[in-house]
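Spelled out, the chains give:
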Amino acid sequence: KNKETEFLRRTVGRLVVKLRSQRQAAAKSLEESVLGHLKSLGMEDCLFTINVIPQEKIRSTGAETVQFSLSRKDLPPGPVAKNASGGELSRILVALQASLGNDALPGVLVFDEVEAGLGGRAAMLTARKLQELSRRCQIILITHEATIAAIAEQHFVVKRHGDDTDVLEITGEERAYEIARMLAGTETPEALKHAQALLRGEGI
């Protein structure tokens, strides 16, 4: 029985080393892909790294943990959750999803206010990246950002009436008025003109 135990221990040890090697290679590939997407999302000054950290104890999932880190010129490397702002977290999430192969992407991705904390240029870059991602899987996005809403293939407005909720698809002129409302809080002539330009793809 001791021989069997020793054999199994050695087998597990070899599998752990093999799995770690595969994880390190996958981490490097994913890291490079995410960095490429982050550059196109306006985060050129950020360095995203994936660290595969060996652990002494072997678990059912292997003998290492994986940590996502972020650093900048003015910020030493640290966990993404600690070093990234809200807007940066949103863009890192989009970059991670965009880096996955088609077979790893789910059929539907839901983003809730992914633009939170983003400025004008960053919001536009994120909108374009989401548009690219929508060609690979269906995306449902809850947003208050007119720039992002304007490039959607379908636009739905959610309205609450007491305990009831209506979800209405809007098109054409009705959509232009809604984009104008998102821009200015009301459908002024200037806001409507800007909304129509956004829907034509101008200024995005």
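Relevant structure appears above.
Described in the following lines is the structure provided in the data block. Here the structure is a predicted model, which means the values were calculated and not measured. (Residues numbered from 1 in each chain as written. Predicted model: local features only at pLDDT ≥ 70, side-chain atom pairs only at ≥ 80, totals over all residues. Heavy atoms only, no water.)

Turning our attention to the overall build of the chain. A count of helices and strands for the chain gives seven helices and seven strands. Counted from the first residue to the last, the chain has its helices and strands arranged as α-β-β-β-α-α-β-α-β-α-β-β-α-α. Relative to its length of 204 residues, the chain is extended, with a C-alpha radius of gyration of 23 Å against a globular reference of 17 Å. Overall size of the chain, expressed as C-alpha extent along the three principal axes, is 80 × 45 × 30 Å. Taking all 204 residues of the chain together, the buried fraction comes to 35%. Across the chain, every contact between residues at least 6 apart in sequence was considered, and the portion connecting residues at least 24 apart equals 51%. (Helix = DSSP H or I, 4+ residues; strand = E, 2+ residues; numbered from the N terminus. Rg over C-alpha atoms; globule rule 2.2 N^0.38 Å. Buried < 20%, exposed > 50% of the residue type's maximum accessible area, 1.4 Å probe, protein only. Contact = heavy atoms within 4.5 Å.)

Now for the sheet that holds strand E3 (residues 75–79). On the basis of which strands lie adjacent, the open sheet formed by three strands has the order E1-E2-E3 and antiparallel pairing. Among the strands making up the open sheet, the edge pair consists of strand E1 (47–59) and E3. In this sheet, adjacent strand axes meet at a mean angle of 25° when their direction is disregarded. Of the strand pairs in this sheet, E1 and strand E2 (residues 62–72) are connected by nine bridges, and their pairing is antiparallel. Considered in E2, the bridge of Val52 is made with Val66. Each of E1 and E2 is contacted by helix H1 (residues 2–40), which is oriented at about 165° to E1, the strand it contacts most. Contacting E1 and E2, helix H3 (residues 86–99) crosses the sheet at an angle of about 125° to E2. (Pairing = 2+ DSSP bridges. Axes fitted to C-alpha atoms, helices over the stretch in contact; angles between N-to-C directions.)

Looking at where Gln97 falls in the secondary structure, it is placed in helix H3. For Gln97, a relative accessible area of 18% translates into the label buried. Setting aside residues no more than four positions away along its own chain, Gln97 makes contact with Leu105, Leu109, Phe111, Leu133 and Arg136.

This part covers the pairing of strand E5 (residues 138–142). As defined by bridge partners, strand E4 (residues 108–112) adjoins E5 across five bridges and the pair is classed as parallel. Bridged to Leu109 within E5 is Ile139. Crossover E4 to E5 through helix H4 (residues 120–133) is right-handed. (Right-handed = clockwise from strand over helix to strand, strands pointing away.)

This part is about the layout of surface pockets. Space inside the largest pocket adds up to approximately 980 Å³. In terms of lining, the largest pocket is formed by 28 residues, of which the most central are Leu141, Ala152, Gln154, His155 and Phe156. The set of elements that each furnish at least two residues to the lining of the largest pocket consists of H4, E5, helix H5 (146–149), strand E6 (155–161) and helix H6 (172–184). Residue contributions to the lining of the largest pocket peak at five residues, all from E5. (1 Å grid on protein atoms, 1.4 Å probe; cavity = no way out; pocket = protein on both sides within 12 Å on 5 of 7 lines; lining within 4 Å. Points joined across faces, edges and corners; volume = space filled by probe spheres on them.)

With that settled, consider unusual backbone geometry. Positive phi, normally seen in glycine, also occurs at Glu113, with a value near 55°. Following the sequence through the fold, Glu113 ends up in the loop between E4 and H4.

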